[in-house]
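Structural features, examined
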Amino acid sequence: LVKIRAVNSDGSGAYSEYAAVKTGDAVPDAPVIDENSLSSTNTTITFSWTEPDGKGNAVTSYSVLLSGSTTFTTSETTYTIADLYPGTTYAVEVAAINAEGQGMYSSRTTVTTVAVKPGAPIVTKGSALALSLTPLNRSLEIAMAVPN
């Protein structure tokens, strides 16, 4: 409850009657990523966060930001990102969303996928020597002529 009165250079006026005031709802606070929940395989990362204060409205979903450019949406507080490259460090951030909009992103947390050894090269012989190496989603081919 509040009372209001006007004030000018001639003095103060009388107070108004009491009025009930309710502050407006706001976007949610930023979630906090649980550092102990971070896990990875060679192509996935999984992590969890705490549900933040919704500031008067329920949190309805989360925006997950991967390395500052790719976003995913989920309603859960645990998320797995797949189809990643082995031995690569990624940054993740999470923002909560309620009826008022999206809040601030969490602090950036980094996680590295598990590195894997490349497979054995496949060598084929013919009029030229060719070497082909295909480690998961990346490839390298080298060809050279066999000297006479």
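An account of the accompanying structure is given in this report. (Residues numbered from 1 in each chain as written. Predicted model: local features only at pLDDT ≥ 70, side-chain atom pairs only at ≥ 80, totals over all residues. Heavy atoms only, no water.)

What follows covers the overall build of the protein. What the protein contains, in helices and strands, is zero helices and 14 strands. Along the protein, from the amino end to the carboxyl end, the secondary structure elements read β-β-β-β-β-β-β-β-β-β-β-β-β-β. Every one of the 148 residues in the protein was classed for burial, and the buried ones make up 26%. When the accessible area of the protein is evaluated, it comes to approximately 9,900 Å², of which 53% is carbon and sulfur surface. (Helix = DSSP H or I, 4+ residues; strand = E, 2+ residues; numbered from the N terminus. Buried < 20%, exposed > 50% of the residue type's maximum accessible area, 1.4 Å probe, protein only. Areas by Shrake-Rupley, 256 points an atom, 1.4 Å probe, with all protein chains shown as cover.)

Generally speaking, soluble globular proteins have nonpolar side chains that are buried together. Ranked by size, the top nonpolar core spans 16 residues in total, and within it Ile45, Phe47, Trp49 and Ile81 carry the most contacts. Elements supplying a minimum of two residues to this core: strand E5 (45-50), strand E6 (61-66), strand E8 (78-81) and strand E9 (89-98). With four residues, the single largest contributor to this core is E9. Contact partners of Trp49, with chain neighbours within four places excluded, come to Pro31, Val32, Ile33, Asp34, Tyr62, Val64, Thr74, Glu76, Thr77, Thr78, Tyr79 and Val94. (Core = buried A, V, L, I, M, F, W, Y, C linked by side-chain atoms within 4.5 Å. Contact = heavy atoms within 4.5 Å.)

This part takes up a nonpolar patch on the surface. A surface patch of nonpolar side chains, about 270 Å² in accessible area, is lined by Val2, Ile4 and Val21. With respect to the helices, strands and loops of the structure, Ile4 is situated in the segment before strand E1 (7-8). (Patch = residues over 30% accessible without salt bridge, like charges linked within 9 Å, V, L, I, M, F, W, Y side chains within 5 Å. Salt bridge = Lys/Arg side-chain N within 4 Å of Asp/Glu carboxyl O.)

By the criterion of burial, E6 is predominantly enclosed, with six of the six residues buried. Examined bridge by bridge, E6 and E9 share six bridges and lie antiparallel to one another. Its bridge partner being in E9, Tyr62 is matched across the sheet by Ala96. Pairing of E6 with strand E7 (residues 70-74) involves five bridges; the strand directions are antiparallel. Residue pairing for E7: Ser63 is matched across the bridge by Thr73. Between E6 and E7, which follow one another and run antiparallel, lie three residues, and Ser67 among them has a positive phi close to 50°. (Pairing = 2+ DSSP bridges.)

A separate point is the pattern of salt bridges. Scanning all chains against the criterion turns up two salt bridges. Where Asp29 meets Lys55, a salt bridge forms, and the shortest distance between an N and an O atom there is 3.5 Å. Here Asp29 is found in the loop between strand E2 (11-12) and strand E3 (32-33), whereas its partner Lys55 is found in the loop between E5 and E6, with 26 residues between them in sequence. For Asp29, a relative accessible area of 33% corresponds to the partly exposed category. The partly exposed category is assigned to Lys55, whose relative accessible area is 33%. The shortest N-O distance in the salt bridge between Glu93 and Arg108 comes to 3.0 Å. Taken as a pair, Glu93 in strand E9 and Arg108 in the loop between strand E10 (101-105) and strand E11 (109-112) lie far apart in primary sequence, 15 residues in all.

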